[in-house]
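Residue-level structure breakdown
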Amino acid sequence: MNSASPLSQDTVDVVIIGAGISGIGAARHLSKDSPALSYTIIEARSDLGGTWDLFNYPGIRSDSDLFTFGYDFKPWKEKKAIADGPSIKAYIRETAEENGIDTHIRFLHKVTGTNWDSEHQHWEVTVTHQETGETQVIHARWIFNASGYYRYDKGYNPPLPAESAFKGRIVHPQHWPQDLDYSGKKVVVIGSGATAVTLVPAMADSASHVTMLQRTPSYVLPVPLEDPVAKLCKRWVSEDKAFAIARGFNIAKQRWVYTFCQRFPKLARKLIRYFNKKLLPEGYPVDVHFNPPYDPREQRLCAVPGADLFKTISSGKASVVTDHIDHLTGTGIVLRSGEQIQADIIVKATGLNLLPLGGIKPHIDGKEVKLNQCVTYKGMLLSGVPNFAMAVGYTASSWTLKIGLLCEHFTRLLNYMQSHQYVQCTPQADPAMATQPVLNFGAGYIQRSLDQLPRQGTDFPWTMSWNYASDVNILRKGRIDDPALQFQAMHRKTS
């Protein structure tokens, strides 16, 4: 707390942390489904959008179609199925303005403390203004953490061997310099994930050449620039109806692809290789650069709209090198094979750092909650922690498909508590229950941080569901008065 500034107080029913796509979605569900409840959104940045305000590297785009990544209550009306970052941010802003949510956002405020006061049955949320240092305490019945789970201020940036020897410029996509001029320059993008396959074609038009240097290949699939189902439906039905049909189709398609890769990994690998080979020049070493050592089911597939990565490689403007870095020199990179890559600019698309709950550390009566000892309830609440919800989306399909259902369940829970005059809800897990990692995702940034995350159980309702159809039944239609939840009314005050 900043002792130089006065401590002021405020009271709301729900504090939403984060004004990204999840936080704005949560606010819209609250305002529509629980209009009697008050809320405020705490946002550390100067604008809304979250990820889509932070990232501004060339070509920044979604890795899911906007018919499923967007909100179910607000049709995506642009032609592009895979949208660029500015378009997604504009979509989030429009949602906030249309629903009056923008007036509830406290920009440049960072949550610096969260403590559950058991006597008064509310959260004490300490927020600090990023510029003035002024501190305020908000009393809230509930916290809805919509800040995601990765670190905004610092990406994963492992040092390269002899990195200081390089005389060019080294940048990380998470903090893209606005003054970076790469026109006519030799660029090396280190990485093989969604960020790398986005950067390579985006930079290739201006750069003299772009090399994607990867240690391990990823699965890369071409997707249409425009959704064919939405395009066809718009000829016959209204735009809103076309959106609904396209959304339903893409939800089913995502599930089908995931299930197919789970059940038939060898066949899935062959099909992906077939598409890659078809899009690359004759004789291209597909099995060297696009043949991962893991099955398609183990990590997310990288989508490239309009096959732009493959077209850029075929044009000769970009190339892929699969090798390990031995060391950097003043003018580039020497690989273990002995090959040298000349570079003026190196982009370290090396990934993200996880930051559980966006760095929020809940306390109960002054004692810090050990997150790795908590078990998730329906993927949204934490065992032993009262009135604390979190937004964790899907990893193998669109993040927001899960978030929308979580928000529906959250408002149903709040309405149930209000109708029964409850003020406190605490999931209670059996201490002897077997647990497992909360995320079933093979990405490096997940694996590096599993020991910091909550756990999941092996039986419902303590498991994390990754199936949209199952989650519709669990979260949209399932019971609220679960025996695993301990509800409490307001403590009686004694005179």
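Residues numbered from 1 in each chain as written. Predicted model: local features only at pLDDT ≥ 70, side-chain atom pairs only at ≥ 80, totals over all residues. Heavy atoms only, no water.

Description of the nonpolar core
Nonpolar side chains in soluble globular proteins tend to be buried together. In this structure, Ile 16, Trp 142, Phe 144, Val 189 and Phe 290 are the most contacted members of the largest nonpolar core, which totals 128 residues. When residues in this core are grouped by element, the largest group, 11 residues, is from helix H11 (residues 399-419). With 13 residues, the next largest nonpolar core counts Leu 160, Val 188, Leu 335 and Ile 341 among its residues. (Core = buried A, V, L, I, M, F, W, Y, C linked by side-chain atoms within 4.5 Å. Buried < 20%, exposed > 50% of the residue type's maximum accessible area, 1.4 Å probe, protein only. Helix = DSSP H or I, 4+ residues; strand = E, 2+ residues; numbered from the N terminus.)

Observations regarding the sheet that holds strand E14 (residues 332-335)
The strands that make up a sheet are held in pairs by hydrogen bonds between backbone atoms, and each pair lies either parallel or antiparallel. One open sheet holds the three strands; their spatial order is E13-E14-E15, and the pairing between them is antiparallel. Two strands lie at the open edges of the sheet, namely strand E13 (325-328) and strand E15 (340-342), each paired on one side alone. Geometrically, the sheet is characterised by an average inter-axis angle of 25 degrees between neighbouring strands, direction not taken into account. Note: E13 against E14, three bridges, orientation antiparallel. When the sheet's bridge partners are listed, Leu 328 is paired in E14 with Ile 333. (Pairing = 2+ DSSP bridges. Axes fitted to C-alpha atoms, helices over the stretch in contact; angles between N-to-C directions.)

With respect to the environment of Gly 316
Mapped onto the elements, Gly 316 comes out in the loop between helix H10 (308-315) and strand E12 (318-322). Residues Gly 316 and Asp 287, 29 residues apart in the sequence, show an inter-C-alpha distance of 19 Å.

Observations concerning the packing of aromatic side chains
Taken as a whole, this structure holds 20 aromatic pairs when the rule is applied. Between the aromatic rings of Phe 260 and Phe 264, the centroid separation amounts to 5.5 Å while the plane-to-plane angle is 50 degrees, which identifies the pairing as tilted. Exposure remark for Phe 260: the relative accessible area of 15% places this residue in the buried category. These aromatic residues form a ring-pair network of at least three members: Tyr 71, Phe 73, Trp 76 and Tyr 91. Above the face of the Phe 73 ring, Arg 28 is positioned so that its terminal group lies 4.1 Å from the ring centre. Note that Lys 402 overlies the ring of Trp 466, its terminal NZ or CZ placed 5.7 Å from the centroid. (Phe/Tyr/Trp six-rings, centres within 6.5 Å; stacked < 30°, edge-to-face > 60°. Lys NZ or Arg CZ within 6 Å of the ring centre and 35° of its normal.)

Here's the deal with the pattern of salt bridges
The tally for this structure, following the rule as stated, stands at 19 salt bridges. Two residues, Asp 47 and Lys 89, come together in a salt bridge whose shortest N-O distance is 2.9 Å. Placement of Asp 47 in the loop between strand E2 (39-42) and helix H2 (51-54) and of Lys 89 in helix H4 (residues 85-98) is noted, with a sequence separation of 42 residues between them. For Lys 89, a relative accessible area of 17% gives the class buried. The shortest N-O distance in the salt bridge between Lys 348 and Glu 163 comes to 3.2 Å. Here Lys 348 is found in strand E16 (residues 345-348), whereas its partner Glu 163 is found in the loop between strand E6 (135-145) and strand E7 (169-171), with 185 residues between them in sequence. The class for Lys 348 is buried, based on a relative accessible area of 2%. Taken together, the salt bridges that share partners define one network made up of Arg 45, Asp 47, Asp 53, Lys 89 and Arg 93. (Salt bridge = Lys/Arg side-chain N within 4 Å of Asp/Glu carboxyl O.)

Observations regarding helix H5 (residues 194-204)
Most of H5 is tucked away: eight of the 11 residues are buried. Of all the positions in H5, only Ala 196, Val 197, Thr 198, Leu 199, Val 200, Pro 201, Met 203 and Ala 204 are classed as buried.

Considerations on the side chain of Asn 250
Mapping Asn 250 onto the fold places it in helix H7 (residues 239-263). When sequence neighbours within four positions are dropped, the list of residues in contact with Asn 250 reads Asp 65, Phe 67, Thr 68 and Asp 227. (Contact = heavy atoms within 4.5 Å.)

What to know about the sheet that holds strand E8 (residues 186-190)
The strand order across the open sheet formed by five strands is E7-E16-E8-E9-E12, and the pairing between neighbours is parallel. The sheet is open, and its two borders are formed by E7 and E12, each paired with just one other strand. Between one strand axis and the next, the sheet turns through 20 degrees on average, direction left out of account. Together, E8, strand E9 (209-214), E12 and E16 form the strand contacts of H5, whose direction differs from that of E9 by roughly 165 degrees.

Examining a positive patch on the surface
Judged by side-chain charge, Lys 79, Lys 231, Lys 234 and Arg 235 come together as a positively charged surface patch. The residue Arg 235 is located in the loop between helix H6 (228-233) and H7 in this model. (Patch = residues over 30% accessible without salt bridge, like charges linked within 9 Å, V, L, I, M, F, W, Y side chains within 5 Å. Areas by Shrake-Rupley, 256 points an atom, 1.4 Å probe, with all protein chains shown as cover. Lys, Arg positive; Asp, Glu negative; His and termini not counted. Charge placed at Lys NZ, Arg CZ, Asp CG, Glu CD.)

Describing the environment of Thr 400
Relative to the assigned elements, Thr 400 resides in helix H11. By relative accessible area, Thr 400 is classed as buried at 7%. Taking the C-alpha atoms as reference points, Thr 400 and Asp 72, 328 residues apart in sequence, are found 9.3 Å from one another.

Quick word on the side chain of Arg 247
Within the secondary structure layout, Arg 247 lies in helix H7. It is Asp 72 that comes nearest to the buried, bridge-free Arg 247 among opposite-charge side chains, at 4.7 Å. Contact partners of Arg 247, with chain neighbours within four places excluded, come to Phe 67, Thr 68, Gly 70, Tyr 71, Asp 72 and Leu 401.

Considering the packing of helix H1 (residues 21-33) against H11
The N-to-C vectors of H1 and H11 enclose an angle of 35 degrees; their axes lie 9 Å apart at closest approach. Here H1 and H11 pass one another in a crossing that is right-handed. Taken together, the residues of H11 that come into contact with H1 (itself represented by Ile 21, Ser 22, Gly 25, Ala 26, His 29, Leu 30 and Asp 33) are Trp 399, Thr 400, Ile 403, Gly 404, Cys 407, Glu 408, Phe 410, Thr 411, Leu 414 and Asn 415. Within the contact of H1 with H11, the residues separate by chemical class into eight nonpolar, seven polar and two charged. (Left-handed = near helix turned anticlockwise from the far one by under 90°. Nonpolar A, V, L, I, M, F, W, Y, C, P; charged D, E, K, R; others polar.)

Details of the confidence of the model for the protein chain
For the protein chain, the average pLDDT comes to 91, and 95% of its residues sit at 70 or higher. This model gives residues 1-7 a pLDDT under 50, and the stretch forms 10 contacts once residues within four places in sequence are excluded. (pLDDT = per-residue confidence, 0-100.)

Observations concerning unusual backbone geometry
In this structure, the amide linkage connecting Phe 460 to the following residue, Pro 461, adopts the cis form with an omega of 10 degrees. Its location among the elements puts Pro 461 in the loop between strand E24 (455-457) and helix H13 (468-476). Here Asp 365, not a glycine, exhibits a phi torsion of approximately 50 degrees, which is positive. By the element assignment, Asp 365 lies in the loop between strand E17 (362-364) and strand E18 (367-368). Looking at Asp 365, the relative accessible area reads 49%, which means it is partly exposed. Of note, the phi angle at Asn 387 is positive, near 50 degrees, even though the residue is not glycine. By the element assignment, Asn 387 lies in the loop between strand E20 (381-382) and strand E21 (388-390). The exposure class assigned to Asn 387 is buried, which follows from its relative accessible area of 0%.

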